[in-house]
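The primary structure of each chain is shown beneath.
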Amino acid sequence: VILSSGDMYQGSYEAYHNRGRVITEAMNDIGFSSMTIGNHEFDWGTEDIINNTQWANFAMLGANIMNYPNIDIKSDIGEEYTIVEKGHLRIGIIGVIGESQITSINSRYMQDLYFQEPTQIIKDLSEELRQEQNCDIVVLSIHGDQSEVDYSIPQGKYVDAVFCAHTHQTEKQIINGVPFIQGGSNGKYVSNIRLSYNYGTDDVTYLSYSNTAYGELEEYSEDSDVLSIV
């Protein structure tokens, strides 16, 4: 399962020039399952996010992006979660953005939006995915670093793995048996988490987690389809 935790539409001339479309089309070709909306996706306002959502073959996530001033009502920007089926497994991916990041976005683009504190939203969606949607594994994709995930999330085993972003650092940590990881910036690393699911007990355990630099990949080469898109 391939996912992104946001800030995909900045950092290069190619992405900036067409406001993310080249990235979205490349992600379609690669086969992404989801992308959590980051603060830099708002750099040109919400219209370009909506356009990219229409072009994407994957889910754009933002469970805590709410309307303002009706902050208990979910906005149209971002889905709460997506479900991926792999063999016999159902994998739920919840996407949220750090609540404080609204202050790093141009205020004229955010007059009708609000980022809700995500802890209770994560817990509620985790229970919905496990109990109502019969998901075997639940993953959190947060546009925020490890410090923005309340300890009660791994303590209560609401999720089985956490992919972080926003600070553009390489991070790895195990908290109460739950792996947290962030893969740096500018596509220099691929973050990978391997999990094991026990059908008899429904237990999920992590087998490994790593940030792999492109230079360490054995079969890395330019992809002709992505080059054609660019």
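Residues numbered from 1 in each chain as written. Predicted model: local features only at pLDDT ≥ 70, side-chain atom pairs only at ≥ 80, totals over all residues. Heavy atoms only, no water.

**Focus on the sheet that holds strand β2 (residues 34–36)**
Link 1 in the chain: With parallel pairing, the three strands of this open sheet are ordered in space as β1-β2-β3. Strand pairing shows two members of the sheet lacking a second neighbour, β1 (3–4) and β3 (59–61), which therefore form its edges.
Link 2 in the chain: Strand direction decides the pairing type here: β1 and β2, joined by two bridges, are parallel. For S4, the partnering residue across the bridge sits in β2 and is M35. (Pairing = 2+ DSSP bridges. Helix = DSSP H or I, 4+ residues; strand = E, 2+ residues; numbered from the N terminus.)

**Let's talk about helix α4 (residues 119–132)**
Link 1 in the chain: Taking 1.5 Å of rise per residue, 14 residues should cover 20 Å, and α4 covers 20 Å from first to last C-alpha, within 8% of that figure.
Link 2 in the chain: Inspection of α4 places T119, I121, I122, K123, L125, S126 and L129 among the buried residues, and these make up the whole buried set.
Link 3 in the chain: Looking at the buried positions of α4, the neighbouring elements they touch are β5 (81–86), β6 (89–97), β8 (137–143) and α5 (152–155).
Link 4 in the chain: Remark: N134 follows α4 within two positions and exhibits a positive phi of approximately 55 degrees. (Expected span 1.5 Å × (residues − 1). Buried < 20%, exposed > 50% of the residue type's maximum accessible area, 1.4 Å probe, protein only. Contact = heavy atoms within 4.5 Å.)

**Considering a nonpolar patch on the surface**
Link 1 in the chain: Nonpolar side chains collect at one region of the surface, where V190, Y214 and Y220 lie side by side and expose about 290 Å² of accessible area between them.
Link 2 in the chain: Of note, Y220 is situated in the loop between β13 (204–213) and α6 (224–229).
Link 3 in the chain: Since its relative accessible area comes to 53%, Y220 is described here as exposed. (Patch = residues over 30% accessible without salt bridge, like charges linked within 9 Å, V, L, I, M, F, W, Y side chains within 5 Å. Areas by Shrake-Rupley, 256 points an atom, 1.4 Å probe, with all protein chains shown as cover. Salt bridge = Lys/Arg side-chain N within 4 Å of Asp/Glu carboxyl O.)

**A few points about the nonpolar core**
Within soluble globular proteins, side chains that are nonpolar tend to cluster in buried spots.
Link 1 in the chain: With 21 residues, the main nonpolar core has I37, F42, F58, M60, I65, I77 and F115 as its most contacted residues.
Link 2 in the chain: Looking at this core, the elements that each hand over two or more residues are α2 (21–30) and β7 (113–115).
Link 3 in the chain: Those residues in contact with F42 that sit more than four places away from it in its chain are I37, I49, I65, I77, I105, Y109, M110, L113 and F115.
Link 4 in the chain: A63, Y81, I122 and I175 belong to the second-largest nonpolar core, a separate cluster that totals 20 residues. (Core = buried A, V, L, I, M, F, W, Y, C linked by side-chain atoms within 4.5 Å.)

**Re unusual backbone geometry**
Link 1 in the chain: Cis geometry is found at the peptide bond from Y68 to P69, where omega equals 10 degrees.
Link 2 in the chain: Phi angles above zero are rare outside glycine, and N134 is one such case at about 55 degrees.
Link 3 in the chain: Within the secondary structure, N134 is located in the loop between α4 and β8.

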